[in-house]
Amino acid sequence: MTYNPFLDMLRSRADGNITGIPSICSSHPLVIEAALLEGIANKTPVLIEATCNQVNQDGGYTGMTPSGFRRYVEQIADKVGFDKKNLFLGGDHLGPNPWKNLPAEDAMAKAKVLIGQYVEAGFVKIHLDASMPCADDVAPLSDATIATRSALLAKMSEDTASGQKPVYIIGTEVPIPGGAMEAIDHLEVTSADAAIATYEAHRGAFAALDLGDAFSRVIGLVVQPGVEFGNENVIYYNPAAASDLSAALKQIPGIVFEAHSTDYQPVAALSSLVKDGFAILKVGPGVTFAMREALYGLDQIASFLDQIPPSDMLATKLEHLMLNQPGHWEKYYHGDANAQRLQRHFSYSDRIRYYWPTQEATTAVDSLLSRLMQRNLPEPLISQYLPKVYPLFAAAKQKPTARDLIIEMIRLVIRDYETACRRI
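I will try to describe carefully the structure that is included in this document. (Residues numbered from 1 in each chain as written. Predicted model: local features only at pLDDT ≥ 70, side-chain atom pairs only at ≥ 80, totals over all residues. Heavy atoms only, no water.)

Let's talk about the side chain of asparagine 56
No. 1: The topology assignment puts asparagine 56 in the loop between strand E2 (46-51) and helix H3 (66-80).
No. 2: Among the polar contacts made by the side chain of asparagine 56, one reaches the main-chain carbonyl oxygen of cysteine 52 at a distance of 2.8 Å.
No. 3: When sequence neighbours within four positions are dropped, the list of residues in contact with asparagine 56 reads Met64, Thr65, Pro66, Pro98, Trp99 and Leu114. (Helix = DSSP H or I, 4+ residues; strand = E, 2+ residues; numbered from the N terminus. Polar contact = N/O pair within 3.5 Å; in protein donor to acceptor, adjacent residues only side chain to side chain. Contact = heavy atoms within 4.5 Å.)

Remarks on the pattern of salt bridges
No. 1: Using the criterion set out here, one finds 26 salt bridges in the structure.
No. 2: Arginine 217 serves as the salt-bridge partner of aspartate 213, at 2.8 Å between the closest nitrogen and oxygen.
No. 3: We classify arginine 217 as buried; its relative accessible area is 10%.
No. 4: Between arginine 344 and glutamate 319 there is a salt bridge, and its shortest N-O distance comes to 2.7 Å. Taken together, the positions of arginine 344 in helix H12 (residues 337-346) and glutamate 319 in helix H11 (residues 314-324) put the pair 25 residues apart, joining distant regions of the chain. Neither arginine 344 nor glutamate 319 differs from the other in exposure class; each is buried.
No. 5: Among the charged side chains, a salt-bridge network with shared partners connects Glu49, Asp92, Lys125, Glu258 and Lys282. (Salt bridge = Lys/Arg side-chain N within 4 Å of Asp/Glu carboxyl O. Buried < 20%, exposed > 50% of the residue type's maximum accessible area, 1.4 Å probe, protein only.)

Let's talk about the layout of surface pockets
No. 1: Considered as a void within the structure, the second largest pocket measures approximately 310 Å³ in volume.
No. 2: Lining the second largest pocket we find 14 residues, and of these Arg13, Leu249, Ile255, Val256 and Gly277 sit closest to its centre.
No. 3: Elements with a contribution of two residues or more to the lining of the second largest pocket: helix H1 (5-14) and helix H8 (243-247).
No. 4: Examining the composition of the lining of the second largest pocket, we find that three residues originate from one element, H1, more than from any other.
No. 5: Its residues assigned to classes, the lining of the second largest pocket shows seven nonpolar, three polar and four charged. (1 Å grid on protein atoms, 1.4 Å probe; cavity = no way out; pocket = protein on both sides within 12 Å on 5 of 7 lines; lining within 4 Å. Points joined across faces, edges and corners; volume = space filled by probe spheres on them. Nonpolar A, V, L, I, M, F, W, Y, C, P; charged D, E, K, R; others polar.)

Quick notes on the pairing of strand E3 (residues 87-94)
No. 1: Among the eight residues that make up E3, eight are buried, leaving the element largely enclosed by the rest of the structure.
No. 2: Handedness of the crossover joining E2 and E3 through H3: right-handed.
No. 3: By the bridge criterion, three bridges tie E3 to strand E4 (residues 125-128) in an arrangement that is parallel. Of the residues in E4, the one forming a bridge with leucine 94 is leucine 128.
No. 4: You can see the chain leave E3, run along helix H4 (residues 104-120) and come back into E4, and the turn it takes is right-handed. (Right-handed = clockwise from strand over helix to strand, strands pointing away. Pairing = 2+ DSSP bridges.)

Let's talk about the state of the cysteines
No. 1: If you walk through the whole model with that rule in mind, you get zero disulfides.
No. 2: In this structure cysteine 52 is not part of a disulfide, and its nearest cysteine sulfur, from cysteine 134, lies 11 Å away. (Disulfide = S-S within 2.5 Å.)

A closer look at the packing of aromatic side chains
No. 1: Scanning all chains against the criterion turns up 16 aromatic pairs.
No. 2: Ring plane angle 45° and centroid distance 6.1 Å describe the contact between phenylalanine 69 and tyrosine 72, whose orientation is recorded as tilted. Residue phenylalanine 69 and its partner tyrosine 72 are both found in helix H3; the two are separated by three residues, about one turn of the helix.
No. 3: Overall, tyrosine 72 belongs to the buried group, its relative accessible area being 19%.
No. 4: The rings of Phe69, Tyr72, Tyr118 and Phe123 are connected pair by pair, giving a single aromatic cluster.
No. 5: Arginine 344 extends its terminal NZ or CZ atom over the ring of tryptophan 329, reaching a point 4.7 Å from the ring centre.
No. 6: Here arginine 351 stacks its cationic end above the ring of tyrosine 332, 3.5 Å away from the centre of that ring. (Phe/Tyr/Trp six-rings, centres within 6.5 Å; stacked < 30°, edge-to-face > 60°. Lys NZ or Arg CZ within 6 Å of the ring centre and 35° of its normal.)

From the geometry alone we can't say anything about function, so treat these as descriptive.
The following block contains the structure:
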């Protein structure tokens, strides 16, 4: 029987072992490499997820189809020596969202193709999300409409699957992708009644299409446990505020809650989330934020060593790029010019991550790393500009390369998730 980490996690929890699964939601090659290296070190499976806007039949903003994304991730796995039997891919928010400007019938037709391609490509965790109103819908959509559309997508998935059948995530009560657009000071936790109503609506919609076997593989329900991040602040998990929601799992046996936007939560909060039933923890901007911290720290080191003028620094080049191509940030960052400049580089929403794949950013990063490859990085400068990772290398008496430092910064974030899920 094919190993399934999701069912294994459910069995462990049923036996009283509080475990969870981190979900790495990023397409950046350094992030994927860091996640796989952490998996090798811990002897744990790795779950990498792609969203409907990121990867779809039209290429998404990465330019990759689902099969292309699988090949891309597997190439990185081969490079680092990760056993692909322990690599699992998931599809996030799969539904009509990329085509919501179309009438619902047309958008759903596109969404069915999307689902089919994800399943054909061997993605084994599918989040069914039909919550977004389409051009001819009256907003907001009812639970029944969302569930009916989700069941239609599940039918497409089941009809397409030819090997291991996927597991499903249902529910949509999450913040906008990438975090809130402004400062936030509180969140409304999903009510227990709302969570149960979502589950029951989907159970009925699946039954109406004779998808009982598929519904038996619904392992998770997306809810809002009260965690989120804005551009400049984080709302931390409060177990007391989510206690009623957590208790609702007793009425929905055999599933866990999936928590989105858990980025920047301390390890104690992540551990509490897993303990309270929010056992699938998704992280996205948090890992690329750590990567950007590492790159900017290295930028400062290179500037000091080679007396590089500010105009030639990586951060300056990225600033010019973002100003010339503002599409990824201008709707999300607010305030005066100084506030927007701060957010472009340092926002928790980390919308700078959309610029790293561009030719301009890739060239700038390659130039920085090439320059640093010629240098022996002084320990005091690593301590000054990358203090989070300096102790690890200093204690090991290891001379790290610039690339080592970037990977380790990302792994520090992933390690918190592994710890919270009690996998190391």
